[in-house]
Amino acid sequence: MQIYRVGGAVRDRLLGREATENDWVVVGATPEEMQAQGFRPVGADFPVFLHPQSGEEYALARTERKSGRGYGGFTFHASPDVTLEQDLIRRDLTVNAMAEDGQGGLIDPYGGQRDLQARLLRHVSPAFAEDPLRVLRVARFAARYAPLGFTVAEETLELMRQIAESGELDALTPERSWKEISRALMEPRPDQFIQVLRDCGALAAWLPELDKLFGVPQPAKHHPEVDAGAHVLAVLRQCAEHDQPLTVRWACLLHDLGKGLTPEEDWPQHIAHEKRGLKLIKAVNERCKAPRDCQELALLVGEYHTHAHRALELRATTLLELLQSFDVYRRPQRFEEFVSACEMDARGRAGLEQRDYPQAAYLLGAAAAARAVAVQPLLEKGFKGAELGEALKGERLKALKAYKEGGGKA
Ligand SMILES: Nc1ccn([C@@H]2O[C@H](COP(=O)(O)OP(=O)(O)OP(=O)(O)O)[C@@H](O)[C@H]2O)c(=O)n1
Ligand SMILES: [Mg+2]
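Predicted, not measured: the structure shown is a model, and the values here were computed from it. (Residues numbered from 1 in each chain as written. Chains lettered and ligands numbered in written order. Predicted model: local features only at pLDDT ≥ 70, side-chain atom pairs only at ≥ 80, totals over all residues.)

Colleague: Which parts of the structure should I look at to understand the environment of L280?
Modeller: Within the secondary structure, L280 is located in helix α14 (residues 278–288). Placed 22 residues apart in sequence, L280 and G258 show a C-alpha to C-alpha distance of 7.2 Å. Ignoring sequence-local partners within four residues, the contact set of L280 consists of E209, L257 and G258. (Helix = DSSP H or I, 4+ residues; strand = E, 2+ residues; numbered from the N terminus. Contact = placed C-beta atoms within 7 Å.)

Colleague: Hey, could you run me through the site of ligand 1 in this one?
Modeller: In the vicinity of ligand 1, the contacting residues are G7, G8, D23, R91, D92, N96, A97, D131, L133, R134 and R137. Top element by residues in the shell around ligand 1 is helix α5 (residues 133–145). It accounts for three residues. Tallied by class, residues from the shell around ligand 1 come to two nonpolar, three polar and six charged. (Near = placed C-beta within 6 Å. Nonpolar A, V, L, I, M, F, W, Y, C, P; charged D, E, K, R; others polar.)

Colleague: Would you mind going over the UniProt feature "domain: HD" (unreviewed entry) in the protein with me for this structure?
Modeller: Feature annotation in UniProt places "domain: HD" (unreviewed entry) on residues 228–329, given in this structure's numbering. Taken as a whole, residues 228–329 contains 65% helix and 0% strand, while its terminal C-alpha atoms sit 34 Å from one another. (UniProt positions renumbered as here; feature names shortened; annotations may be inferred.)

Colleague: I'm lost on the nonpolar core in this one. Help?
Modeller: Across soluble globular proteins, you tend to see nonpolar side chains buried next to one another. Judged by nonpolar contacts, the single largest core of 107 residues is most densely connected at V135, V138, A139, A142 and A366. Those residues in contact with V135, other than ones at most four positions away along the chain, are M160, I163, A164, L169, C200 and A202. (Core = buried A, V, L, I, M, F, W, Y, C linked by C-beta atoms within 7 Å. Buried ≥ 20, exposed ≤ 12 C-beta atoms within 10 Å, placed from the backbone.)

Colleague: Explain the UniProt feature "binding site: CTP" (unreviewed entry) in the protein to me, please; I cannot follow it from the model alone.
Modeller: In the numbering used here, UniProt assigns the feature "binding site: CTP" (unreviewed entry) to G8, R11, R91, R137 and R140. Among the structural elements, G8 can be located in helix α1 (residues 8–14). By C-beta crowding, G8 is classed as partly exposed, having 17 other C-beta atoms within 10 Å. In this structure G8 touches A19, D23 and N96, once residues within four positions along its chain are discounted. Mapped onto the fold, R140 is located in helix α5. Contacts of R140, omitting those with residues within four sequence positions, involve E180, R183, A184, E187 and F193.

Right, here's the structure in full:
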């Protein structure tokens, strides 16, 4: 048997980047031979094995034929006579279809190096269409490598468009899609992920609620970029610039969905878009099976982002309600993430990226002031149950009034 390093590790080494994990392909071996050498099969019908020591994936060279719709619909043909070239041709992108032998020699039958130099994400062959997840993968690679100047080849975008139109994206399981989405949002240019999906029509199929924001105007006074979709892309960019966590990026992606429901005659105003968007955010959260912390933050940011922007004008009672809605006493981190998301929203506007956002410190200070109210003295006064809750609220309100009178200094 011959063993080759393949995929991302080869690509990233040629780009001078650190590779995180190795993928290997094995030519000229049977499953029995693999197991005899101590490799562990990952599943009965899957010609992939784990190395007994490193745990890295070793796949038998294979060709795939599509037998049905969706991810379940694969049959594998793996046998010792499948060549390396036959294996590589069914992979997604030319830059991912290179192999390295044991002596460090490069095997590049499909122009991977040429496309690396040309900074092009290009599919290898029509076999690309065998797995619709690749539409999301290409968009994710665009988000990762955009800072190096990579773009998607026109013919690949066209093929992605055909896949999107065929309805095949509907067959992807939420689990597989979420892996791509969550990784893509954490890349240096998450806006490019959305942009590429939009360019090939996949955004309309996968996230129509977001696609609808493109072409919707907002008031130029607050939004020099005007377009609501362009605003979301700019907010995502700010998220990456400021190293925000996944929860914040997910919340930012969905924060303005309500603007897609504003009646056209009300444009460019979007009165009550916060509340109106909640059912859309909920639907997207559930459809994508986003993790719980992402879901929660998205709903809270959707509902309250305008409150944050107006923080300095809010009355003490409204501030208190806001803090209560976040259960800031038990969940301080969630409130901090909310404030970050709102700051990204404020900065994700053409020409306003460097603006001050004093609301952030003000809100965090208010949360600290409310949290500093001690329960013990109230317990000592004999308050219990609902009355204790009311008394605590009263004390917190006093603290917030003092905070406001002190000009936002605790
Ligand atoms: N849907 C997929 C998934 C994977 N691959 C192939 O399998 C390799 C390894 O897959 P994976 O580890 O998921 O991606 P990498 O390219 O290694 O990228 P990453 O840096 O994200 O691991 C890819 O390079 C590609 O050749 C593919 O063709 N189609
Ligand atoms: Mg890999």
